[in-house]
Amino acid sequence: MPLPEHYLHMKLSEYYRDFSNSYDNNMTGFLWPNSNQDLISRLNISKEERVLDMGTGTGMNITFLPNSNNIYACDGSARILELAKLRAEILSRRIHWNAKVDLRNLPYKDEYFDKVILTYVLSGTANPIKVLSEAIRVTREGGLIGIHDFASSQYKLYTGFGNMNLHETYFCAASSLDVEYQKTFITSKPEQTLILRK
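Computed from a predicted model, the values in this text were never measured in an experiment. (Residues numbered from 1 in each chain as written. Predicted model: local features only at pLDDT ≥ 70, side-chain atom pairs only at ≥ 80, totals over all residues. Heavy atoms only, no water.)

**Student:** Can you lay out the packing of aromatic side chains for me, pointing to particular residues and giving the numbers?
**Tutor:** Evaluated as defined, the whole model comprises six aromatic pairs. Judged by centre distance (6.2 Å) and plane angle (85°), the ring pair of Y72 and Y108 falls under edge-to-face. Remark: Y108 occurs in the loop between β3 (96-98) and β4 (113-119) and Y72 occurs in strand β2 (residues 71-74); sequence separation between them is 36 residues. Taken as a pair, Y72 and Y108 share a single burial class, namely buried. Taking the centre distance of 6.4 Å and the plane angle of 5° together, the rings of Y108 and Y112 count as stacked. Under the relative-accessibility criterion, Y108 is labelled buried at 10%. Since its relative accessible area comes to 21%, Y112 is described here as partly exposed. Taking the ring centre of Y112 as reference, the NZ or CZ of R50 above it sits at 3.9 Å. (Phe/Tyr/Trp six-rings, centres within 6.5 Å; stacked < 30°, edge-to-face > 60°. Helix = DSSP H or I, 4+ residues; strand = E, 2+ residues; numbered from the N terminus. Buried < 20%, exposed > 50% of the residue type's maximum accessible area, 1.4 Å probe, protein only. Lys NZ or Arg CZ within 6 Å of the ring centre and 35° of its normal.)

Right under this line is the structure:
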């Protein structure tokens, strides 16, 4: 029997709080090289576009985003977001921060963003369908949602959905969207990039 979603959400918050100081070092060797940079370059983000880095973590994506006043970043962990703020300060980036956000219920208006980025977010949430549905809700009509994540459910930290993988999450939450780009990286830990147009 799957664990209740609220329990999974609480355990994930604790995990990211405790893991925050070593996150970058642990993840750098574990993730597909340059996947974040490749995804963001394919989104072709201009300085005028309003962009949300959803589940920003330590702000690894900030390095690849344009230096503009239209970049927003949110995460469920206030502690890990402090590291993202430090990264942005070092890079002299202006970011609109939102800490302790439930990614299943974002505090933004419908169709507020031109582009939304989720890198390694869906595999680390208690309900990836709700999270992707929220990304869709806050993306404007014609906007893009860029996703890079593990393709297989066996790499999920926690899940209330058994064997749900990235394709199943897409079909449950976003099958009405057009797939602009798709690439699978076949390794011992398969990963996938999807760019969806709303």
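**Student:** Can you tell me about the sheet that holds strand β7 (residues 191-197), naming the residues and giving the values?
**Tutor:** Strand order in the open sheet formed by seven strands is β3-β2-β1-β4-β5-β7-β6, with mixed pairing between adjacent strands. Looking along the sheet, the strands with just one partner apiece sit at the ends: β3 and β6 (178-185). Averaged over all pairs of adjacent strands, the angle between their axes in this sheet comes to 15°, without regard to strand direction. Alignment of β6 against β7, held across seven bridges, turns out to be antiparallel. Pairing of F185 across the sheet is with E191, part of β7. (Pairing = 2+ DSSP bridges. Axes fitted to C-alpha atoms, helices over the stretch in contact; angles between N-to-C directions.)

**Student:** Please set out the environment of G55 residue by residue, giving values where relevant.
**Tutor:** For G55, the location among the structural elements is in the loop between β1 (51-54) and β2. We classify G55 as buried; its relative accessible area is 14%. Here G55 is in contact with C74, D75, L103 and V121, once residues within four sequence places are set aside. (Contact = heavy atoms within 4.5 Å.)

**Student:** Residue-level account of the nonpolar core, with values.
**Tutor:** Counting 28 residues, the largest nonpolar core has L52, M54, L106, L118, L132, I145 and I147 as its most contacted members. Looking at this core, the elements with two or more residues in it are β1, β2, β4, α5 (128-138), β5 (139-150), α6 (166-173) and β7. For this core, the leading source of residues is α5, giving six residues. Among all residues touching I147, those that are not within four sequence positions of it are L39, L118, L122, L132, L166, Q192, T193, L194 and L196. In this structure, L43, I62, L81 and I117 belong to the second largest nonpolar core, which totals 17 residues. (Core = buried A, V, L, I, M, F, W, Y, C linked by side-chain atoms within 4.5 Å.)

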